[in-house]
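The residues making up each chain are set out below.
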Amino acid sequence: MVDFVNSNVDWLIYVVQSLTALFLTIHQRKCIMLTDNYPRVELSHTPTPLECLENLSQKLGGPKIWVKRDDCTGLAMGGNKVRQLEYYIGDAVSKGADTILTTGAMQSNQVRLTIAAARKLGLDVEVQLEERVGGRPQEYYNSGNPFLMKLMGAKIHHYADGEDEEGADRALYAYADEVSKAGKTPYVIPLSGDHIPYGSLGYVRCAEELVLQFHQRSLKIDGIILPTGSATTHAGILCGLRALNCNIPVYGFCVRRDQQSQAERVLAKAEKVAEMIGHPGIVTKQDIWTNDKMLYPGYGQLNDELEEAMRLAAVCEGLLLDPTYTGKTMAGLIDLIESGHFTPDQNIVFLHTGGTPALFGYPELIDKMLDEKQIKTAI
Ligand SMILES: Cc1ncc(COP(=O)(O)O)c(C=O)c1O
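Keep in mind it's a predicted model, so treat the numbers as computed, not measured.

Visitor: It is not clear to me how the overall build of the protein should be interpreted in this structure. Could you clarify?
Guide: Tallying secondary structure elements over the protein gives 14 helices and 10 strands in all. Taken over C-alpha atoms, the radius of gyration comes to 22 Å for the protein, in line with the 21 Å a tight globule of 379 residues would show. Counting only C-alpha atoms, the protein reaches 80 × 55 × 35 Å along its principal axes. Residue burial in the protein is summarised as follows: out of 379 residues, 47% are buried. In the protein, of all internal contacts separated by at least 6 residues, the share reaching a separation of at least 24 is 80%.

Here you go:
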């Protein structure tokens with residue numbers, strides 16, 4: 001009798017294991033097919049970990065918060081731009097480019113990582129830094145990301161306006177013309193919304209990675225929370241999830257523009273990405289959630305909720321957030337939890353997109369963060 005039960009239990013385990021293996025094989029095959037047609041260079045350390053933030057979840061008294069550690073993508077202090085660059089530079093290399101050009105803010109993570117990727121692959125690189133945040137101290141211009149850019153070495157141009165994406169792109173294409181005239185082959189990674197969003201394919205892959213991680217841990221996830229700027233990450237994750245029949249809501253916290261304009265930008269980009277991966281129309285207006293409550297007083301500028309969110313994540317979890325993207329997103333998430341949007345039995349994922357080097361461009365944060373009284377309140 002005991003033998004009979006044991007052999008049935010063994011048989012059941014065998015069936016469950018086989019079905020899981022079959023699911024994983026089908027899932028992986030589906031994933032490869034979504035981004036298969038596009039050249040990719042390997043730059044990232046993936047899969048990135050999915051970790052539970054037990055202390056922070058408990059402190060906030062809301063849902064269980066998980067963090068997807070895309071701040072740990074490996075290259076030159078990591079971040080979401082590494083996954084995106086795998087496809088932009090994949091396209092560049094497949095077209096025979098030998099010089100990469102890109103543009104961004106003074107503390108741009110995109111610019112830092114483009115330089116790193118070019119250096120790793122032995123390509124030349126020219127970047128343009130825009131004056132996007134006024135009234136900043138000297139450290140903003142020479143510590144954090146600008147320091148790392150100079151350390152890795154690149155030809156640096158400057159653009160005086162920070163809110164003129166089309167103008168910044170035009171200036172970049174003019175530098176690319178100069179590169180061509182010098183007999184080299186440039187490749188521009190532009191800023192404005194109307195280019196082919198190869199970078200989003202990196203986040204289609206990330207969506208695939210997440211679905212697999214949820215399945216492996218038998219996790220039911222009720223929301224994915226991320227910062228939304230160029231919308232490359234947001235559009236890629238949404239398209240990847242929906243193409244895999246996964247309906248988890250994606251919450252995008254605005255870091256650059258108001259929620260209405262951002263929603264339009266995400267939808268326009270998602271429509272292009274959906275076509276690129278062979279699932280036209282898979283993302284609709286109803287899928288787009290954006291919120292700009294924590295954006296004030298503007299891109300890359302500090303506010304009280306952001307500072308509190310950075311402190312809480314650091315004190316409760318040793319998790320470092322940045323002032324422009326992930327800090328504001330965590331502030332938005334805390335606000336959402338406090339408004340009762342999620343219940344304690346739910347699970348949500350915070351996508352940590354990196355950006356931590358910029359911490360060193362905000363010296364005024366140091367005094368505030370070292371304030372003993374406030375640290376004690378956070379604990
Ligand atoms: C650290 C970090 N997080 C989030 C974002 C926003 O991502 P996306 O531009 O793909 O919307 C950026 C963009 O610069 C970033 O550097």
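Visitor: What's the story with the site of the ligand in this structure? I'm lost.
Guide: The full set close to the ligand counts 18 residues, and N109, S230, Y325, T353 and G355 are the nearest of them. Among the elements of the structure, α3 (80-94), α4 (109-121), β7 (224-228) and α9 (232-243) are those that each provide at least two residues to the shell around the ligand.

Visitor: Would you mind showing me how to read the domain arrangement of the protein here?
Guide: One widely used convention gives an interface's size as the accessible area the parts lose upon coming together. Once the domains are mapped, the protein shows domain 1 (39-77 + 197-378) and domain 2 (83-189). In this assembly, 29 residues from domain 1 lie in contact with 30 residues from domain 2. Class assignment of the residues belonging to the side of domain 1 that touches domain 2 gives a composition of 15 nonpolar, 11 polar and 3 charged.

Visitor: Even after reading the chapter, I still don't get the sheet that holds strand β6 (residues 186-189), so can you show me in this structure?
Guide: Reading across the sheet, the 4 strands line up as β5-β4-β3-β6 and stay open at both edges, with parallel pairing between neighbours. Single-partner strands in this sheet number two, and they are β5 (155-159) and β6. The sheet shows a mean angle of 20° between the axes of neighbouring strands, direction not considered. By the bridge criterion, 5 bridges tie strand β4 (residues 124-130) to β5 in an arrangement that is parallel.

Visitor: Looking at this model, I keep getting lost on the environment of G162. Mind explaining?
Guide: Structurally, G162 can be placed in the loop between β5 and α7 (165-181). In the structure, G162 is positioned 58 residues away from G104 in sequence and 8.5 Å away in space, judged by C-alpha atoms. With residues up to four places along the chain from it excluded, the contact list for G162 reads A105, E130, E131, R132 and V133.

Visitor: Whenever I open this one, the nonpolar core confuses me. Can you help?
Guide: Side chains of a nonpolar character, in soluble globular proteins, are inclined to be buried together. Grouped together as the largest cluster of nonpolar side chains are 93 residues, with contacts concentrated most on I100, A207, I224, I225, I237, C239 and A309. At 7 residues, the largest contribution of residues to this core is made by helix α8 (residues 200-216). No fewer than three residues from each of domain 1 (39-77 + 197-378) and domain 2 (83-189) sit in this core. Setting aside anything within four residues of it in sequence, one finds C239 in contact with S200, V204, A270, V273, A274, I277, H279, I282 and V283.

Visitor: So what exactly am I meant to see when it comes to the sheet that holds strand β9 (residues 289-291) here?
Guide: Two pairing modes exist for strands in a sheet, parallel and antiparallel, and in both the strands are linked by backbone hydrogen bonds. With mixed pairing, the 6 strands of this open sheet are ordered in space as β1-β2-β10-β7-β8-β9. With one partner strand each, in any of the chains shown, β1 (50-52) and β9 form the two edges of the open sheet. Put simply, the sheet's adjacent strands are angled 30° from each other on average, direction ignored. Sheet topology places β7 next to strand β8 (residues 250-254); 5 bridges connect them, and they run parallel.

Visitor: Is there a simple way to think about the packing of α3 against α8 in this case?
Guide: When two helices pack together, their arrangement is captured by the angle between the axes and the distance separating the axes. As a packed pair, α3 and α8 sit with axes 6 Å apart at the nearest point and diverge in direction by 125°. Viewed along their axes, α3 and α8 adopt a mutual orientation that is oblique. The interaxial crossing formed by α3 with α8 has right-handed handedness. Within the contact between the two elements, α3 uses R83, Q84, E86 and Y87 and α8 uses L201, G202, Y203, R205 and C206. For the contact of α3 with α8, the per-class residue count stands at 4 nonpolar, 2 polar and 3 charged.

Visitor: Before we go on, may I ask you to explain α3 in this structure?
Guide: Side chains of residues three or four places apart in an α-helix project in the same direction, reflecting 3.6 residues per turn. Between its terminal C-alpha atoms α3 stretches 22 Å, which fits the 21 Å expected from 15 residues at 1.5 Å a residue. At E86, α3 shows its maximal kink, close to 25°. Among the 15 residues in α3, 12 count as buried, and that is most of the element. Inspection of α3 places N80, K81, V82, R83, Q84, L85, E86, Y87, Y88, I89, D91 and A92 among the buried residues, and these make up the whole buried set. Against the buried residues of α3 lie β3 (99-105), α4, β6, α8 and α9. Downstream of α3 by one or two residues, G96 has phi in the positive range, about 80°.

Visitor: Honestly, α8 in this entry has me stumped. Any pointers?
Guide: Compared with an ideal rise of 1.5 Å per residue, which puts 17 residues at 24 Å, α8 spans 24 Å between its outermost C-alpha atoms and is within 8% of the ideal. Most of α8 sits out of view: 12 of its 17 residues are buried. Looking only at α8, the buried set comprises S200, L201, G202, Y203, V204, R205, C206, A207, E208, E209, L210 and V211. Positive backbone phi, approximately 50°, marks S218, located one or two places after α8.

Cut-offs used in this document
- Residues numbered from 1 in each chain as written.
- Predicted model: local features only at pLDDT ≥ 70, side-chain atom pairs only at ≥ 80, totals over all residues.
- Helix = DSSP H or I, 4+ residues; strand = E, 2+ residues; numbered from the N terminus.
- Rg over C-alpha atoms; globule rule 2.2 N^0.38 Å.
- Buried ≥ 20, exposed ≤ 12 C-beta atoms within 10 Å, placed from the backbone.
- Contact = placed C-beta atoms within 7 Å.
- Near = placed C-beta within 6 Å.
- Domains from an automatic or database assignment.
- Nonpolar A, V, L, I, M, F, W, Y, C, P; charged D, E, K, R; others polar.
- Pairing = 2+ DSSP bridges.
- Axes fitted to C-alpha atoms, helices over the stretch in contact; angles between N-to-C directions.
- Core = buried A, V, L, I, M, F, W, Y, C linked by C-beta atoms within 7 Å.
- Parallel < 35°, antiparallel > 145°, perpendicular 65-115°, else oblique.
- Left-handed = near helix turned anticlockwise from the far one by under 90°.
- Expected span 1.5 Å × (residues − 1).
- Bend = angle between axes of the 7 residues up to and from the residue.

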